[in-house]
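Examination of the molecular architecture
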Amino acid sequence: MESLLRSELKTSLVRAFGSSGGGCISHGQGYQTDRGRVFVKSNARSQAREMFEGEVASLEALRSTGILRVPQPLKVVALPGGGAALIMEYLAMRSLSSHSAALGDQIADLHLYNQKLREKVKKEEKTVGKGAGAAEPKFVDQFGFHTVTCCGYIPQVNEWQSDWPTFFARQRLQIQLDLIEKDYGDREARELWSQLQLKIPELFGDEEIVPALLHGDLWAGNMAEDDSGPMVFDPASFYGHSEFDLAISFMFGGLDSSFFSAYHRKIPQAPGFARRLQLYKVFNYVNHWNHFGSGYRGVSLGAMRKLLKSL
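Residues numbered from 1 in each chain as written. Predicted model: local features only at pLDDT ≥ 70, side-chain atom pairs only at ≥ 80, totals over all residues. Heavy atoms only, no water.

So, on to the overall build of the protein. Of the regular secondary structure elements, the protein holds nine helices and eleven strands. The principal-axis extent of the C-alpha atoms belonging to the protein is close to 60 × 60 × 35 Å. Within the protein, buried positions represent 50% of all 311 residues. Across the protein, contacts joining residues at least 24 apart in sequence account for 65% of those joining residues at least 6 apart. Here the protein displays about 14600 Å² of accessible surface, and carbon together with sulfur accounts for 49% of that area. The averaged location of the 35 negative side-chain charges in the protein is 1 Å from the averaged location of its 35 positive side-chain charges. (Helix = DSSP H or I, 4+ residues; strand = E, 2+ residues; numbered from the N terminus. Buried < 20%, exposed > 50% of the residue type's maximum accessible area, 1.4 Å probe, protein only. Contact = heavy atoms within 4.5 Å. Areas by Shrake-Rupley, 256 points an atom, 1.4 Å probe, with all protein chains shown as cover. Lys, Arg positive; Asp, Glu negative; His and termini not counted. Charge placed at Lys NZ, Arg CZ, Asp CG, Glu CD.)

Laid out in structure tokens, this is it:
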């Protein structure tokens, strides 16, 4: 890795520091270089470049809002033995604690960002002779993203759709359940999904859902802080329903109530929130089943049964 970094970063100094670590999917290591510290994520999978290029697009989208602090991506490079590495800004991090409420506030601002762009467009339409500048951010009126992103190592289809329930059912849950069918042929999963997919529209009623830029994998393990405030990393972004981001935050612990209190001060829970949260938990449990095996079968099917019982 050192020789690769010397070549790609045009630096003579490359020295690993700190302990190397592996997340659930990729390996990470910090390096000191002539240009400062960098953090390198590497993965030997054949789809690693697609994973990391989606992460770069996600980080750039989040950075462009000016709301959240995220590592600046530098470049994606091929590994000589196969796979790829993502080189990014090194940020000294510790577990999120004292800045939890600040992050909840910032995530709410992120979720409101595109909606505020829509309000700005509507206001400008009423102003004679007012035109948006070429460099100004544009309101996104559909659900999806301009490139593939991966939640874990599974590619997510982000083709643009005008209807959120359709996007979520077809391009999130259906793809996950298709993988379960392919790898496990699980009859109960098949039967529960055949019932659930017909009822998904009931969970949304007439509620207007404005596309929100999402982190996409917003659990406590992808949040951190330093003395200056909170930060997030490892995103799998797309434009979707803001509530989707919260589901995994509730599932695996690590966040105190101040995060959710700060968030809901800006975005109150809408009617039907609890049942839709259960729907989004189904996606996350099944995604974990596909990544980590049948140990997640019981909780995935249980989440589907619980939701169907509530409908």
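Here the narrative resumes, following the displayed structure.
Moving on, we get to the domain arrangement of the protein. When cut into domains, the protein gives domain 1 (1-90) and domain 2 (95-310). Centre-to-centre, using C-alpha coordinates, domain 1 lies 25 Å away from domain 2. Facing 21 residues of domain 1, the contacting portion of domain 2 comprises 30 residues. Each partner contributes to the roughly 2000 Å² buried at the junction of domain 1 and domain 2, and carbon and sulfur atoms together form 70% of this total. Along the contact surface separating domain 1 from domain 2 lie two salt bridges. (Domains from an automatic or database assignment. Buried area = accessible area lost by both parts, 1.4 Å probe. Salt bridge = Lys/Arg side-chain N within 4 Å of Asp/Glu carboxyl O.)

What follows covers the environment of Asp141. The residue Asp141 is located in the loop between α3 (100-125) and β6 (149-151) in this model. When its relative accessible area of 53% is taken as the criterion, Asp141 is described as exposed. Separated by 105 residues in the primary sequence, Asp141 and Gly36 place their C-alpha atoms 40 Å from one another.

Here we take up the pattern of salt bridges. What the rule picks out here adds up to 19 salt bridges. A salt bridge links Lys266 to Asp105; the nearest nitrogen and oxygen atoms lie 3.1 Å apart. Pair noted here: Lys266 is in helix α7 (residues 257-266) and Asp105 is in helix α3, with a separation of 161 residues, a long-range link. Overall, the relative accessible area of 27% leaves Asp105 in the partly exposed class. Residue Arg190 pairs with Glu181 through a salt bridge whose shortest N-O separation is 2.9 Å. According to the relative accessible area criterion, Arg190 is partly exposed, its value standing at 39%. Linked by salt bridges that have partners in common, Asp186, Glu188, Arg297 and Arg305 make up one network.

Another point: the state of the cysteines. In this structure the tally under the stated criterion is zero disulfides. Of all cysteine sulfurs in the structure, the one in Cys150 sits closest to Cys151, which takes part in no disulfide; the separation is 9.0 Å. Residue classification places Cys151 among the buried positions, given a relative accessible area of 4%. (Disulfide = S-S within 2.5 Å.)

This next bit is on the nonpolar core. If you look at the biggest cluster of nonpolar residues, it comprises 63 residues, and the most contacted ones within it are Trp164, Leu173 and Leu279. It is helix α8 (residues 273-292) that provides the largest number of residues to this core, a total of nine residues. Here Leu279 is in contact with Phe168, Leu173, Leu196, Ile200, Leu203, Phe204 and Leu307, once residues within four sequence places are set aside. (Core = buried A, V, L, I, M, F, W, Y, C linked by side-chain atoms within 4.5 Å.)

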